[in-house]
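# Overview (structure and organization)
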Amino acid sequence: MEKMKKVKTAIIGCGMISNIYIKNLKNLFSIIDVVALCDRNRQAAQEKAAAYGIDQVMTMEEIERSEDIELVVNLTNPVAHYEVIKRMLLAGKHVYTEKIMTADLGQGQELMALAEEKKLLLGVAPDTVLGAGIQTARRVIDTGFIGKVTSCVASISRNQSLNSETYRFLRGEGGALPYDVGIYYIGAIIAMLGPVKQVCAFGMPAPEHEAEMLFTGEAGDKWRIPGNNLLCGVLCMEDDVLCCLHMNGNSVMEKDTNFRIYGTDGVLELGDPNMFDGQVKLMKPETGECIVPHTHGYDGKNYLPEETPFDGYGHRGVGAAEMAYAIRQNRKNRCSKEYGYHCMEVLFGLDQSAQIRENYSIKSRCHIEPLKPGYFSTQFLRNGRGDAERSLYD
Ligand SMILES: NC(=O)c1ccc[n+]([C@@H]2O[C@H](COP(=O)([O-])OP(=O)(O)OC[C@H]3O[C@@H](n4cnc5c(N)ncnc54)[C@H](O)[C@@H]3O)[C@@H](O)[C@H]2O)c1
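Residues numbered from 1 in each chain as written. Predicted model: local features only at pLDDT ≥ 70, side-chain atom pairs only at ≥ 80, totals over all residues.

Right, let's talk about the overall build of the chain for a bit. Scanning the chain from N- to C-terminus turns up 10 helices and 19 strands. By principal-axis analysis of the C-alpha atoms, the chain measures approximately 55 × 55 × 45 Å. Every one of the 394 residues in the chain was classed for burial, and the buried ones make up 50%. Of the contacts formed within the chain by residues at least 6 apart in sequence, a portion of 71% connects residues at least 24 apart. (Helix = DSSP H or I, 4+ residues; strand = E, 2+ residues; numbered from the N terminus. Buried ≥ 20, exposed ≤ 12 C-beta atoms within 10 Å, placed from the backbone. Contact = placed C-beta atoms within 7 Å.)

Structure, rendered in structure tokens:
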């Protein structure tokens, strides 16, 4: 195939998650050329540029004026997403943003309309749905191994208040477990089972939390994570599959995940959809259980020679790389604006249903094409091979 021109890319937001994004986008995806970093805290951008060997630190205005930069990856905090995405779309840049798309549905609709008008792509995380775990599960389902899917149970529980001692941003809006982590479960359900038509839920707030951990030096401080930190809901999918979703940020556990999909001919047990490497277990009454070998690459393992403390975040950035190929191939990207908005509407709908004690009808719809199977992330002579990348454009 003819070699595609690299997509010159700027990253805005150089905090915690930028470490794995910069590392992956620079080293794993030959379609992306990271040319600049930007942060309202210029020093943060300068430090990351020095650490990861990126040539330029730019202001937002310089990125807007740049004629070379085609794609902006937005890794700012969710409250800043709307402003950053809007400015970059208006400047004619394609934008890929971390979750969640915007702070409210109205802002999301406005940005989707702007991207349409400007004929630009707008992509939205979570991109863990392009990882080996979820893509393998989707393949098993699409191949008919478990028959017709009837229901799904997805549960994530974490002590989010204790977590918020270390990760201070969790004490603010969007820090409740359903928003911070539940969105990965919603994204995975949608990527495997299609769009949601109606939701209902009950919710509970977080308890007031008093700092416990000695190293934070805050013993005695008290706060409460805003919003529903415990949401139990049901998603009724477009084709009448029923999904029970349990997102408990008031749990005593550090992390506990359960995820199963039930079909007329079998059951699938899945790993954590917040990760890329989820194990897929197939259970059938006639033949017992087996682990399904991954059918796709991007399994979250670090295939680069040097290790960093951020490797546990896996193949984050694959959604932006797939979008870069979509730009060159003049097609829609998989982690599309419609997908990002639909995930957000389902989450907001659950929250609203819990508040008003009524079912919420989801207005948006989306569709994600699976990646082509058979390409893996492997090593040869300790060098990463680019074979999984083929699944992003084949
Ligand atoms: N931390 C995680 O584990 C994690 C995992 C997955 C996704 N995310 C998502 O990634 C995004 C960033 O998360 P993070 O943990 O890196 O946050 P962070 O607070 O560590 O970093 C955010 C950075 O964005 C910068 N910023 C904020 N507003 C800006 C603006 N208007 N213009 C330019 N720079 C701005 C801040 O100065 C900061 O350096 C969020 O959307 C979050 O939901 C985080």
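From this point, things continue past the structure.
One open sheet accounts for six strands, arranged β3-β2-β1-β4-β5-β6; its pairing is parallel. Only two strands of the sheet have a single partner each, and these edge strands are β3 (56–57) and β6 (122–124). Judged from the four bridges that link them, strand β4 (residues 71–74) and strand β5 (residues 94–97) form a sheet pairing that is parallel. Residue pairing for β5: V72 is matched across the bridge by V95. (Pairing = 2+ DSSP bridges.)

Not every one of the 21 residues close to the ligand is listed here, only the nearest: G13, G15, I17, A80 and E98. In terms of residues, the shell around the ligand owes the most to one element, helix α4 (residues 78–90), which gives four residues. Grouping the constituent residues of the shell around the ligand by class yields 10 nonpolar, six polar and five charged. (Near = placed C-beta within 6 Å. Nonpolar A, V, L, I, M, F, W, Y, C, P; charged D, E, K, R; others polar.)

Orientation of helix α5 (residues 105–118) relative to helix α10 (residues 337–356), taken along the N-to-C sense of each, is 170°, at an axis distance of 11 Å. Taken together, the axis directions place α5 and α10 in an arrangement best described as roughly antiparallel. Contacts from L105, G108, M112 and A115 of α5 reach α10 at K337, Y341, M344, E345 and F348. Of the residues contributing to the contact of α5 with α10, the split by class is six nonpolar, one polar and two charged. (Axes fitted to C-alpha atoms, helices over the stretch in contact; angles between N-to-C directions. Parallel < 35°, antiparallel > 145°, perpendicular 65-115°, else oblique.)

This part covers the pairing of strand β15 (residues 280–284). In terms of strand pairing, strand β14 (residues 267–269) meets β15 through three bridges, oriented antiparallel. Along β15, the bridge assignment pairs V267 with M283. Here β15 pairs with strand β16 (residues 288–292) via five bridges, running antiparallel. The residue bridging K281 from the neighbouring strand is I291, located in β16.

Here we come to α4. Taking 1.5 Å as the rise per residue, α4 with 13 residues should run 18 Å; its terminal C-alpha atoms sit 19 Å apart, in good agreement. Turning to α4, its buried residues number three or more, namely P78, H81, V84, I85, M88 and L89. Taken from the residues just after α4, G92 is the one with a positive phi, measuring 85°. (Expected span 1.5 Å × (residues − 1).)

Partitioning the chain into structural domains gives domain 1 (7–128 + 314–336 + 368–392) and domain 2 (131–299). Here the C-alpha centre of domain 2 lies 24 Å away from the C-alpha centre of domain 1. For the side of domain 1 that touches domain 2, the per-class residue count stands at 12 nonpolar, six polar and two charged. (Domains from an automatic or database assignment.)

Our next topic: the pairing of strand β12 (residues 242–248). In the sheet, strand β7 (residues 149–157) pairs with β12 via seven bridges, with the strands oriented parallel. Residue pairing across strands places I156 opposite M247, the latter belonging to β12. When strand β11 (residues 228–237) meets β12, the two strands line up antiparallel, connected through seven bridges. When the sheet's bridge partners are listed, L230 is paired in β12 with N248.

Before going further, it helps to examine the sheet that holds β7. Across the sheet, nine strands lie side by side as β16-β15-β14-β13-β7-β12-β11-β8-β17; this open sheet has mixed pairing. A strand with exactly one partner marks an edge of an open sheet, and here the two such strands are β16 and β17 (360–361).

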